[in-house]
Amino acid sequence: MFEYNRGKPVSTALSAKLTNLLAQWIATSCLPISVVEDDGLELVLQAATGDPSYKLPTRRTIMRRIHDQHAAEKAAKEKKMVEARCVALTGDHWTSVNNDNYLGVTVHLIDASWELYSFALGVMKTEERHFAEACARQFLDVANQWGIADKISSIGTDSAPNMVAAGRILPFEHLPCVAHVVQRAIVMSLREGGFDGALAKCRKVVGHFKHSPANSDELNVQQASLGQVQEPLVQDVPTRWNSTLEMIKRMRRNRDALHTTLSQQKHNLALPTNAEYEKLAKLEKLLEPCRYITELLGGDKYVSCSVVLHALCHLQHAMKISDDDPAYIVRFKTAFTKDLNQRRENINLEWLKVATALDPRFKDLKCLPRAEREPVWAKLCELVKGEEPAVQPLGEKNPEPPKKKPALLLIGSDSESDEETPEVNTVERYKVEPSASLDQCPLKWWSEHTAVYGKMAHVSRKYLGTPATTVPCERLFSLAGHIVQKRRSSLSPENVNKLVCLSDWWKKEK
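If you're wondering where the values come from, they're calculated on a predicted model, not measured in any experiment. Chains are numbered independently. Their residues run from 1 in the order of the written sequence. With the structure being a predicted model, the display of local features is reserved for residues of pLDDT at least 70 and the display and counting of side-chain atom pairs for 80 or more, all residues being used for whole-chain, interface and lining totals. Side-chain metrics rest on all non-hydrogen atoms present in the structure, leaving aside hydrogens and water.

Draft legend 1. Here's a closer look at the packing of helix α1 (residues 12–28) against helix α20 (residues 493–509). For helices, the axis comes from a line fit to the C-alpha atoms of the stretch in contact; other axes are also lines fit to C-alpha atoms, and the angle between any two N-to-C directions lies between 0 and 180 degrees. Helix and strand labels come from DSSP, where a helix needs a run of H or I of at least four residues and a strand needs a run of E of at least two; each type is numbered from the N terminus. Two elements in contact, α1 and α20, have axes separated by 8 Å at closest approach and are oriented at 95 degrees. The orientation of α1 with respect to α20, classified from their angle, is roughly perpendicular. Residues Q24, A27 and T28 of α1 form the contact with α20, whose participating residues are L499, L502, S503, W506 and K507. In these notes the angle categories are as follows: under 35 degrees is roughly parallel, over 145 is roughly antiparallel, 65 to 115 is roughly perpendicular, and the rest is oblique. Whether two residues are in contact is decided by their heavy atoms, any of which lying within 4.5 Å being enough.

Draft legend 2. Summary view of the pairing of strand β4 (residues 152–157). Partly exposed residues are those whose accessible area sits between 20% and 50% of the maximum for their type, while under 20% is buried and over 50% is exposed, using a 1.4 Å probe and protein chains only. Where burial is concerned, most of β4 is hidden: six out of the six residues are buried. Any two strands are treated as partners once DSSP identifies two or more bridges connecting them. In terms of strand pairing, strand β1 (residues 87–95) meets β4 through four bridges, oriented parallel. Paired with A88 across the strands is S154, a residue of β4. Bridge count for β4 against strand β5 (residues 173–176) is four bridges, and the pairing is parallel. When the sheet's bridge partners are listed, S154 is paired in β5 with E173.

Draft legend 3. Seen up close, the nonpolar core. Counting 80 residues, the largest nonpolar core has F332, F336, L358, L380, W446 and M456 as the members making the most contacts within it. For this core, the element with the highest residue contribution is helix α11 (residues 274–297), accounting for eight residues. For W446, the contacting residues outside a window of four places in its chain are W114, L358, P360, Y430, Y453, M456, A457, S460 and L464. Nine residue types can take part in a nonpolar core, namely buried Ala, Val, Leu, Ile, Met, Phe, Trp, Tyr and Cys, and a core is a set of them joined through side-chain atoms within 4.5 Å. One finds V35, M63, W146 and A166 within the second-largest nonpolar core, a separate group that totals 59 residues.

Draft legend 4. Structural detail: helix α2 (residues 39–49). Listed as buried for α2 are L41, E42, L45 and Q46. Across the axial projection of α2, the buried residues extend over an arc of 135 degrees, all falling on one side. Of the residues in α2, the exposed ones pointing more than 90 degrees away from the buried face are D39, V44 and A48. Buried residues along α2 sit against α1. Whenever a nitrogen or oxygen atom comes within 3.5 Å of another N or O atom, the pair is scored as a polar contact, on the condition that within protein one atom can donate a hydrogen and the other can accept it, and that pairs from neighbouring residues in sequence are kept only if both atoms are in side chains. N-capping of α2 is provided by D38, with a side-chain oxygen placed 2.8 Å from the backbone N of G40. Looking one or two residues past α2, G50 carries a phi angle of roughly 75 degrees, positive in sign. Arc definition: directions from the helix axis to the C-beta atoms.

Draft legend 5. Geometry of the environment of A160. Residue position: A160 is located in the loop between β4 and α5 (161–169). A sequence separation of 68 residues divides A160 from D92, and the C-alpha atoms of the two residues are 10.0 Å apart.

Draft legend 6. Expanded view of empty space enclosed by the protein. Grid points spaced at 1 Å over the protein atoms alone were grouped into cavities, where a 1.4 Å probe fits but cannot get out, and pockets, open sets with protein on both sides within 12 Å along at least five of seven lines, with lining residues defined by an atom within 4 Å of a point. Grid points are joined across faces, edges and corners, and a volume is the space filled by probe spheres set on the points. By the definition in use, this model includes one cavity of 30 Å³ or more. Its volume calculated, the largest cavity comes out at about 60 Å³. Lining the largest cavity, in full, are H108, L116, G299, D300, Y302, V303, S304, L464, G465, T466 and P467. Here the lining of the largest cavity is composed, by residue class, of five nonpolar, five polar and one charged. Domain extents, as shown, originate in an automatic or database domain assignment. When residues are assigned to domains, the lining of the largest cavity turns out to be shared by domain 3 (182–341) and domain 4 (348–388 + 423–468), each giving three or more. Classification used: nonpolar for Ala, Val, Leu, Ile, Met, Phe, Trp, Tyr, Cys and Pro, charged for Asp, Glu, Lys and Arg, polar for all others including Gly.

Here is the structure:
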């Protein structure tokens, strides 16, 4: 039994504070509400407060506090979006363990201080089939609930046909997830490269150890005897990016330990041959740049949209065929390059080109052929010309986003006068500015040059605030998976939404 340092009973103010902290702890750590019925937790708090009569709040009380905290945090987020000139969204669908469908949506914006913000707008349960019209309507419902429908500049989704079709219906620019594009190219190339046999053997070996604790323990003993780090093998999963690369790396790192362990067991496994291990080593070198690009573009704490074209150029360079490449590597590189080039045409290149030009690190546009550079600057001039003045009356709404234009407008056409407009002068002055260093934050650069470039700076907020991938939404579903579990499958959609949002908001604030 505990010995209490008996003091005064817990005051009403302290009790309220503890209740708020418990609610915040439950939401942030994705804990079940029933944790407040745990006798051990109650004993801990009784010992901490010195009051053996302290009682944990009820489930109903905790849920009321969670609702109150969600309302307060949502009001702060709404204020942040009211102050923003434009925002970008990402969205995707997710199926819970209870076979319920949810639409997750995140928002991304750059505020007046040139700080990049990214947070969840909600995880909404959907009942309809995911046809394009239904998806578009669901996105608009979320936007209208938050009052930002007139501020959305772009929306990012995966490349599923229904999402692509929904992007055409919506009055916003649509940006397919670049990470999905890269991963799809990898899947297609693995089929063409003739790696199926070696990878199938790896999967069976990994499964042999993953499904048996005894086998896994024996492998750990061999790893320790060889002076290696005791690490589990990794099974590749089609929906888990870079898992094939990680499986190959661990198979190769633990090759000796695996073969020694299996030589002491009875099994029917076919182990990779020396030639297949050589193929896997070459495949690892090919997949490593893809992993780097996927992780680089998947960040939501820094500008990513302006890096896409340079990232794709990096992959193109990594997949150049050399004279030393064996036939299977040539087939892989050829298939990867062909598939990536085909998908590259459907990732809203016009938007990405302008975003690249507005990043002071990459405004030389060396990732583009020379013939494509001048039309980008012409497009930027048109955007600056159409931008609203920097100062707006409080509460005045921005106009609806401009409709998509199929072609770029060229400067210096016959219909234009010889006299340069202020917008052209602004863009030309920006072009001759020295490029920022690669390690410099583009938002910091723009914060120091906002007064110089005025309306062009506001265009930069719109383009640089757009994420390159839907990874922020994927992270939201990982979070939701910790909340919507089999033991918590009766959670109402409203509570799921509030718990997911609060957990996302508070974790990012920390």
